[in-house]
Amino acid sequence: MALAAVVFDMDGVLVDSEHLWEENWVAYAARYGVEWTPEDTSTVQGMSAPEWAAYLARRSGTDETAEQVERAVVGGMIAAIGDGRAPLLPGAAAMVTEVSAVAPVALASSAPRTVIDAVLAAYSLTEHFTATVSSAEVPRGKPSPDVYLEAASRLGHSGADCLGVEDSSNGIRAAAAAGLTVVALPNRGYPPKPDALALADSVADNNDTVRRILLDSLRDGANTTDTTAGRPA
C-alpha cells in the first residue's frame, strides 16, 4: 500500500495545549460549584466544540446555552495562545516543514476553527497545510472517523492512503476507524488507554521520531509507486 499524505492532530501533537483545555473546563464548572474531574476530561477529549460545550453545560448546570459555554472556553484558549501558553512541542515545526515538503499534509483537530487558525498563524505554519478541518465542521467528533475522512478527502485521498499522527485515545480511535496508518505519540499528561494504543501501527516518544517514521513511510510509498509504474495491468 502506497502512503501518499499525512494528517496531523493539533493539540498534544503540534502544541502543548491539552492542559489548557482542561483548565478552562475546570474553571467554567467551578463557577457553578461543580468539580470537573479527570474522568470528565477523558470523556470529552476528542469531542467537537459543540459536543463538549453541551456536555459542560449539562455537567455544570448552567443556564447558558452550549454556544455561550463554547464561546467562554474558546475565549480562554485564544487568550492563552496569545499569551504564549500553548508552545509548539519540540520538533513539531521541523516535522511539519519537512513532511510537507515531500507530501501534502492536513490537520484534523477537535479544536474549533478560530483556535486552529490562531495556533497555525502564531507559529507560521499555515502555509504548510493543504487542508485543515475542525471536528465542528463534520457531523461527529472523535472517536468517530468523520474529521479524518474529511481531511483525507480534501487532500484528494482515501484514509488508506494517509498516515495519521495522534496523541489521545479518541484521536487514535478516530484515525484508525478512518483507515489511516496511525503513528501514536502518547500524551504524557493524558496517556491513551491500552485498547486505543493497540490500534496504532507504530508508537513514538517524540516528534523527531514521528518525523523519521513519516518520511520513511512516504519514501517507501513513493518507491513502491515508482517500481510498479508502467507494468501491465
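Rules used in this analysis
As a convention, each chain's residues are numbered from 1 in the sequence order in which they are written. Reporting in this predicted model follows two pLDDT cut-offs: at least 70 for local features of residues, and 80 or more for side-chain atom pairs to be given and counted; totals over whole chains, interfaces and linings ignore these cut-offs and use all residues. For side-chain calculations, the full set of non-hydrogen atoms in the structure is used, while hydrogens and water are omitted. Note on conventions: DSSP H or I runs of at least 4 residues are helices, E runs of at least 2 residues are strands, and numbering of each starts at the N terminus. Only protein chains enter the calculation, and the probe is 1.4 Å; a residue is then buried if its accessible area is under 20% of its type maximum, exposed if over 50%, and partly exposed in between. Residue contacts follow a heavy-atom distance rule, with two residues in contact if any of their heavy atoms lie within 4.5 Å. Only protein atoms enter the calculation, which uses a 1 Å grid: trapped sets of points that fit a 1.4 Å probe without letting it out are cavities, open sets showing protein on both sides within 12 Å along at least five of seven lines are pockets, and any residue with an atom within 4 Å of a point is a lining residue. Grid points are joined across faces, edges and corners, and a volume is the space filled by probe spheres set on the points. Each residue is assigned to one class: nonpolar for Ala, Val, Leu, Ile, Met, Phe, Trp, Tyr, Cys and Pro, charged for Asp, Glu, Lys and Arg, and polar for all the others, Gly among them. Two rings belonging to Phe, Tyr or Trp (six-membered ring only in the last case) form a pair when the distance between their centres is within 6.5 Å. Interplanar angles under 30 degrees mark stacking, angles over 60 mark edge-to-face geometry, and anything in between is tilted. Any two strands are treated as partners once DSSP identifies two or more bridges connecting them. Place the viewer so that the strands point away; then a crossover is right-handed whenever the path from the first strand over the helix to the second strand goes clockwise.

(A) Structural detail: the side chain of Asp-146. With respect to the helices and strands, Asp-146 occurs in helix H7 (residues 146–154). Owing to a relative accessible area of 10%, Asp-146 belongs among the buried residues under this scheme. For Asp-146, the contacting residues outside a window of four places in its chain are Val-138, Pro-139 and Arg-140.

(B) How the structure looks around the layout of surface pockets. Taken as a whole, the largest pocket encloses approximately 340 Å³ of empty space. Those elements that provide at least two residues to the lining of the largest pocket are helix H1 (18–30) and helix H10 (207–228). For the lining of the largest pocket, the class distribution of residues is five nonpolar, seven polar and five charged. A volume near 210 Å³ is recorded for the second largest pocket. Lining the second largest pocket are 14 residues; nearest its centre among them are Ser-42, Gln-45, Tyr-190, Pro-191 and Lys-193. For the lining of the second largest pocket, the element with the highest residue contribution is helix H2 (residues 38–44), accounting for four residues.

(C) Region of interest: the packing of aromatic side chains. On inspection of all chains with the given rule, the structure shows seven aromatic pairs. One aromatic cluster is present, formed by Trp-21, Trp-25, Trp-36, Trp-52 and Tyr-55 through successive ring pairs.

(D) Representation of the pairing of strand E3 (residues 131–134). Here E3 shows no split at all, with Ala-131 and Val-133 on one side and Thr-132 and Ser-134 on the other all buried. Relative to E3, strand E2 (residues 105–109) runs parallel, the two sharing four bridges. Paired with Ala-108 across the two strands is Val-133, which belongs to E3. In terms of handedness, the path from E2 via helix H6 (residues 113–122) over to E3 forms a crossover that is right-handed.

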